[in-house]
Structures are given as structure tokens and as C-alpha cells.
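Secondary and tertiary structure notes
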Amino acid sequence: MSLGKRKPSNFYLANFLGKECILSGIMSVNGKKVLHMDRNPYYGGESASITPLEDLYKRFKIPGSPPESMGRGRDWNVDLIPKFLMANGQLVKMLLYTEVTRYLDFKVTEGSFVYKGGKIYKVPSTEAEALASSLMGLFEKRRFRKFL
């Protein structure tokens, strides 16, 4: 049979990253066959989630292997770029539609942190925390009080 007379295929070969990954999920849910390919040993490019922990050590060229106190490497899934989603946003709706939520855990953010001057600081989330924080100087705190 020549290629010109073949029936159309229901199979798509693609290298999806980022938003395009959602497209492949929607295609899959709608009965299309999608093959994901990536040049990396992990899926997702620069915004990947690395698992097992041993792969994270290799990725960042950390000598040795993870300590046994960290448990099994497969128990870890580290995002190279943490993802924040609006609770009622379009992305959440698409994730629910494609049923990938079976593989995701959603968690309320407990706090935000910044790295400044060699230290890690909690970003204040209340008036009292803001006024007690060393992230703002005296004049900034004064303006902040007037702003409230």
C-alpha cells in the first residue's frame, strides 16, 4: 500500500512543553494517541519535576548520593520551578478536565520567603509581622503605617 492511499492515523508525535503539554492532555482525553518525546532523561524541560532524588543530584552535579535519612529517592519529586495556580483559574479547570489531578497534590501556601543578604526571611503576611520584620527600614515602616 502506498503512503498516499493509507488511512489517516489517530496518532500524534510531538514534543510538548509548557502550555502545549495541556494541549496534548486534551487530545489524549478526546481519544487521540499522543507520544511525548523529550531530549532530557526527565520530562518537562526547564520547568520539570525531577524524580527520583538521585536524578536531581545528577542534574546539579552534586557529588555522592542522597543520605539515607531522606528515605527512598522515588518518594521525592522536586520542581525546578515551583508552580502557583489560581484556585478557580483556567489552568485548574483544564487540569481537572484532562484528569491529571489524579497525579497532583494541591496545597495551600504556608508562606513566602525571600533570600536577602545571605539569609532567608519570611515575607510578612500581617500588619504585626510587617512592622516586626527587618525587611523594611524605619522610614518604610512609617509609610506602611500611614498607608493602612
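Only a predicted model underlies this, so the values are computations on that prediction, with no experimental measurement involved.

Things to note about the pairing of strand S6 (residues 119–122)
Here four bridges tie strand S5 (residues 113–116) to S6, and the two strands are oriented antiparallel to one another. Residue pairing in the sheet places tyrosine 115 in a bridge with isoleucine 120 of S6. In this structure, the hairpin formed by S5 and S6 is closed by a connection of two residues, where glycine 117 is found at a positive phi of approximately 60°.

Describing the side chain of threonine 98
Positionally, threonine 98 belongs in the loop between helix H3 (90–97) and S5. In terms of polar contacts, threonine 98 uses its side chain to reach the backbone carbonyl oxygen of leucine 95, at 3.3 Å.

Focus on the pattern of salt bridges
Think of it this way: side chains of opposite charge can pair up when their charged atoms draw near. Inspection of every chain in the model, using the stated rule, returns three salt bridges. Linking aspartate 55 and lysine 58 is a salt bridge whose minimum nitrogen-to-oxygen distance equals 3.9 Å. Placement of the pair is aspartate 55 and lysine 58 together in helix H2 (residues 53–59), with a separation of three residues, close to one helical turn. The exposure class assigned to aspartate 55 is partly exposed, which follows from its relative accessible area of 28%. Close ionic contact of aspartate 75 with arginine 72 constitutes a salt bridge, the shortest N to O distance being 2.9 Å. Residue classification places arginine 72 among the exposed residues on the basis of a relative accessible area of 58%.

A word on the confidence of the model for the protein
When pLDDT is averaged along the protein, the result is 77; 80% of the residues meet or exceed 70. Between residues 13–17, whose pLDDT stays under 50, and residues either more than four places distant or in other chains, the model counts 16 contacts.

Observations concerning a nonpolar patch on the surface
On the surface, Leu85, Leu91, Leu104 and Phe106 cluster together into a nonpolar patch covering about 330 Å² of accessible area. Along the polypeptide, phenylalanine 106 turns up in the loop between H3 and S5.

Concerning the packing of aromatic side chains
Tallied over the entire structure, the rule returns zero aromatic pairs. When the ring centre of phenylalanine 60 is taken as reference, the NZ or CZ atom of arginine 59 above it lies at 5.4 Å.

Scoring rules and cut-offs
For every chain, the first residue of the written sequence is number 1, and numbering continues from 1 onward in sequence order. Local features in this predicted model are restricted to residues whose pLDDT is 70 or higher, and side-chain atom pairs enter the listing and the counts only when it is 80 or higher, whereas totals over whole chains, interfaces and linings include all residues. Computation of side-chain values covers all heavy atoms of the structure but excludes hydrogens and water. Any two strands between which DSSP finds at least two bridges are classified as paired. By the criteria applied, helices consist of DSSP H or I runs no shorter than four residues and strands consist of E runs no shorter than two, each listed in order from the N terminus. Pairs of N or O atoms are called polar contacts if they sit within 3.5 Å, as long as, within protein, a hydrogen donor faces a hydrogen acceptor (for residues adjacent in sequence, only side-chain-to-side-chain pairs). Salt bridge, as used here, is a side-chain nitrogen of Lys or Arg placed within 4 Å of a carboxyl oxygen of Asp or Glu. For every residue, the accessible area obtained with a 1.4 Å probe (protein chains only) is divided by the maximum for its type, and the residue is called buried under 20%, exposed over 50%, and partly exposed between those limits. Each residue carries a pLDDT score, the predictor's confidence in it, ranging from 0 to 100. Residue contacts follow a heavy-atom distance rule, with two residues in contact if any of their heavy atoms lie within 4.5 Å. Note that patches include only residues with greater than 30% relative accessible area and no salt bridge, and the join distances are 9 Å for like charges and 5 Å for nonpolar side chains (Val, Leu, Ile, Met, Phe, Trp, Tyr). The method behind every accessible area is Shrake-Rupley, applied with a 1.4 Å probe, and residues are considered shielded solely by the protein chains displayed. Here a pair means two rings of Phe, Tyr or Trp (six-membered ring of Trp) with centres within 6.5 Å. Their orientation is stacked below 30 degrees between planes, edge-to-face above 60, and tilted elsewhere. Any Lys NZ or Arg CZ that is within 6 Å of a ring centre and within 35 degrees of that ring's normal is treated as a charge sitting over the ring.

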